[in-house]
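An overview of the molecular structure
One-letter residues, chain by chain:
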Amino acid sequence: MIARRAILIKLPKDKCDVDYIRRLTALTNLAYRDYETWVPDLPKTIQHQLLAFKNYMGSLVFGTEPKKWFAETWVPLKTLRVYADGSMKGDKGAPVALDFRSSVIRLRQVCRSEPGFVVELPMPKWVVERVNEGGDIKFAMIGLKSNVPYLALVAEREVESRDPSGYILAIDVNAWSNGVAYGIINPNNRIAEYSPLRPNLRLIDTWYYKGEKLSKELGKLKRLGLKRTPEAERLKREINMLRRKIYAYLRDFVQKRAHELVMKAIRLGALVIIDNMIEESRRELLEMKLPSGLRKLYLAYTRRFVKLLVTQLEWYGVPYRFERLPSTVCPICKHELIYLPGRVMICPNCEFKAPRDKVPILWAINLKYK
Ligand SMILES: [Zn+2]
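These figures come from a predicted structure and were not determined experimentally.

1. Some points on the coordination of the zinc ion
Distances from the zinc ion to its protein donors, C330 (SG), C333 (SG), C347 (SG) and C350 (SG), fall at 2.3 Å. If you list the donors of the zinc ion from N- to C-terminus, the spacing comes out as C-x2-C-x13-C-x2-C. Highlighted residues: C330 in the loop between strand 13 (320–322) and strand 14 (338–340) and C350 in the loop between strand 15 (344–346) and strand 16 (353–355), separated in sequence by 20 residues. Accessibility expressed as a relative area gives 0% for C330, which makes it buried.

What follows is the structure, given as structure tokens:
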């Protein structure tokens with residue numbers, strides 16, 4: 001099986017011509033639609049690239065075909081890899097060269113339409129790690145995200161799946177308000193470890209409500225026709241800063257926790273069972289009466305967590321499957337459980353009693369023999 005992972009690298013804005021990149025994305029859109037367009041003022045090498053990729057349409061790693069005309073479609077690019085021992089892979093004329101000898105990435109003519117124009121970027125640690133794991137960066141893409149130029153690198157690797165050791169890592173993906181609960185089940189069907197992973201919700205709440213309060217003040221100024229005053233500008237800046245803080249905090253949390261869990265699974269040779277019950281999470285969040293902005297954010301990051309988790313599990317060949325791991329049904333007799341204060345669940349039928357986060361893990365034991 002081929003596994004893929006991707007990374008986005010922000011390109012230096014001063015060395016990139018955003019309009020040029022936008023034109024390339026428009027041309028890519030046309031190429032996807034089977035049009036052969038030759039634009040006289042663009043380097044031929046780059047235009048050849050776009051047309052060459054038409055043959056890959058069926059097996060694109062670059063996402064789906066653009067649906068809208070003139071949508072900005074990321075430009076696929078071939079790469080040349082020059083390794084530390086001097087060996088080479090890929091197309092010598094490729095516009096993206098990854099040079100592991102001098103630890104740089106060179107972009108030729110993809111940032112500006114000027115003959116011989118090269119932008120050099122430091123080689124990210126991510127790339128070295130993927131290559132050391134047996135990955136290869138055959139393709140790259142360039143594109144814009146809110147007008148900022150980015151380079152995306154796609155690593156791919158042939159993966160052999162690992163034989164499970166009898167350990168299970170069960171992951172219950174609730175909404176972030178309850179965190180993600182995980183449990184390790186050893187080959188004798190005992191829970192060796194279980195714990196919820198929760199972001200610091202109080203911190204997020206504080207930032208969120210502060211942002212809301214400032215947005216209201218800004219709204220007031222706008223209604224008074226004062227939206228261009230220094231006071232309004234200051235408010236806007238502060239609101240954006242708070243928003244960025246929340247995103248950065250959640251992004252970091254999601255990345256670290258997903259990585260930790262994948263590493264745990266690899267160490268134990270575990271089979272990973274994931275409960276990805278977004279619907280239930282949504283209901284739980286609704287019951288908690290969270291403001292909708294915060295709810296959307298939590299759901300978005302829950303999805304992101306699952307996506308990161310699955311991408312990395314595939315990359316390392318860790319076996320995984322999605323299963324429903326109920327938290328409100330008794331894992332012994334399947335009777336509906338009752339909520340007690342302090343997130344404890346009790347079964348009125350068989351006297352089973354366990355913390356709420358532990359119930360899905362117990363269900364995973366039942367599923368082991370499925
Ligand atoms: Zn029961």
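2. Quick look at the nonpolar core
Looking at soluble globular proteins, one finds that nonpolar side chains tend to be buried together. Formed by 84 residues in total, the largest nonpolar core has its most connected members in I105, L107, L153, I171 and F305. Broken down by element, the residue count for this core peaks at twelve residues, all from helix 5 (residues 230–268). Filtering out sequence-adjacent residues up to four positions away, L107 remains in contact with L11, P95, V96, F117, V118, V119, L121 and L151. Ranked by size, the runner-up nonpolar core spans 19 residues in total, among them I273, L325, M345 and F352.

3. Description of the sheet that holds strand 16
The sheet built from three strands is open, its strands ordered 14-15-16 with antiparallel pairing. Strands with a single pairing partner mark the edges of an open sheet, and in this sheet they are strand 14 and strand 16. If you compare each strand with its neighbour and ignore which way they point, the axes differ by 30° on average. As paired strands, strand 15 and strand 16 are joined by three bridges and run antiparallel to one another. Of the residues in strand 16, the one forming a bridge with M345 is A354.

Quick notes on the rules
Residues numbered from 1 in each chain as written. Predicted model: local features only at pLDDT ≥ 70, side-chain atom pairs only at ≥ 80, totals over all residues. Heavy atoms only, no water. Donors = N, O, S within 2.8 Å, 3.2 Å for Na, K, Ca; no water. Helix = DSSP H or I, 4+ residues; strand = E, 2+ residues; numbered from the N terminus. Buried < 20%, exposed > 50% of the residue type's maximum accessible area, 1.4 Å probe, protein only. Core = buried A, V, L, I, M, F, W, Y, C linked by side-chain atoms within 4.5 Å. Contact = heavy atoms within 4.5 Å. Pairing = 2+ DSSP bridges. Axes fitted to C-alpha atoms, helices over the stretch in contact; angles between N-to-C directions.

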